[in-house]
Amino acid sequence: MKKNIEIVPYRTSWEEDFQSEKMAIDLLLPEKAAIYHIGSTSIPNMFAMPIIDLMIVVKCLKKFDEYSDVLKTLGYEQLGDQSNQDRRFFIKCDDICSFHIQVYEKGNAAVERNIAFREYMIAHTDQAMEYIKLKKGLAKNKTEYKRGRKEFLDEIDRKASKWKK
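Starting afresh in each chain, residues are numbered from 1 along the sequence in its written order. Local features are withheld for residues below a pLDDT of 70 in this predicted model, meaning they are given only at 70 or higher, and side-chain atom pairs are given and counted only at 80 or more; totals for whole chains, interfaces and linings count all residues. The basis for the side-chain values is all heavy atoms of the structure; hydrogens and waters are excluded.

A. Broad picture of the pairing of strand E5 (residues 97-105). With respect to burial, E5 is a largely interior element, 7 of its 9 residues being buried. Across 7 bridges, the pairing between strand E2 (residues 52-58) and E5 is parallel. Note on E5: the bridge partner recorded for Ile56 is Val103. A pair of strands counts as paired when DSSP detects no fewer than two bridges linking them. A run of DSSP states H or I qualifies as a helix once it reaches four residues; a run of E qualifies as a strand once it reaches two. Both are numbered from the N-terminal end. Pairing geometry for strand E4 (residues 87-93) and E5, over 7 bridges, is antiparallel. Each residue of the ladder has a partner; that of Cys93, found in E5, is Cys97. Between the end of E4 and the start of E5, which pair antiparallel, lie 3 residues. Working definition: with a 1.4 Å probe on protein chains only, accessible area under 20% of the residue-type maximum means buried, over 50% means exposed, and in between means partly exposed.

Printed below as a string of structure tokens:
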């Protein structure tokens with residue numbers, strides 16, 4: 001297993017990649033759902049792991065479970081157990097993992113948190129630069145990367161929540 005995390009400079013193609021994937025997913029879903037580009041790749045000029053994060057917001061997760069297999073036709077694999085979760089998680093990996101999808105039910109606090117984070121970081125470039133520096137410093141070790149970002153992200157979530165109001 002790879003220990004290093006690949007952090008790359010912002011790519012303008014990330015937004016195009018998101019739009020293409022969103023369109024493909026939209027065509028497959030039997031009911032209308034909101035699909036958002038979230039995470040670092042959704043923030044202009046942000047360094048990121050080259051994985052596009054999508055968030056799908058559905059009316060009812062249990063109903064979504066009945067048709068979630070449609071994502072397999074696009075190459076997605078579902079990870080995790082569905083019982084007692086308030087989200088579903090999918091990855092799309094060929095030689096590399098290129099997309100992650102998180103699915104939430106409308107009204108879940110994570111929906112607003114993800115959107116607020118993205119908008120806050122776009123509006124606060126000083127915080128985005130700090131985050132880039134942190135990510136680059138932690139990228140040498142996968143375990144440290146995940147652990148080391150948590151405190152910073154929790155603080156940004158608090159700031160973004162206040163800022164959004």
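Moving on from the coordinates now.
B. The arrangement of the packing of aromatic side chains in detail. Aromatic rings from Phe, Tyr and Trp, taking only the six-membered ring of Trp, are treated as a pair when their centres fall within 6.5 Å; an angle between ring planes under 30 degrees marks them as stacked, one over 60 as edge-to-face, and anything in between as tilted. Inspection of every chain in the model, using the stated rule, returns 6 aromatic pairs. Ring plane angle 90° and centroid distance 5.5 Å describe the contact between Tyr10 and Trp14, whose orientation is recorded as edge-to-face. When its relative accessible area of 3% is taken as the criterion, Trp14 is described as buried. Taking 5.6 Å as the distance between ring centres and 80° as the angle between the ring planes, the aromatic pair formed by Tyr120 and Trp163 counts as edge-to-face. Of this pair, Tyr120 sits in helix H3 (residues 109-123) while Trp163 sits in helix H5 (residues 142-164), and the two are 43 residues apart along the sequence. According to the relative accessible area criterion, Trp163 is partly exposed, its value standing at 39%. Taken together, Phe64, Tyr67 and Phe90 form an aromatic cluster joined through their ring pairs.

C. Inspection of helix H4 (residues 125-138) at higher detail. Here the expected span of a helix is defined as 1.5 Å times the quantity of residues minus one. Taking 1.5 Å per residue as the helical rise, H4 with its 14 residues ought to reach 20 Å, and the 20 Å between its terminal C-alpha atoms agrees with that figure. Along H4, the residues that are buried comprise Gln127, Ala128, Tyr131, Ile132, Lys135 and Leu138. Down the axis of H4, the buried set is contained in an arc of 145°. They therefore lie on one face. Opposite the buried face of H4, by more than 90 degrees, sit the exposed residues Thr125, Asp126 and Lys133. Contacts were defined at the residue level, with two residues in contact if any of their heavy atoms lie within 4.5 Å. On its buried side, H4 packs onto H3 and H5. Think of the arc as the fan of directions from the helix axis to the C-beta atoms.

Distances and angles like these do not, on their own, reveal function.
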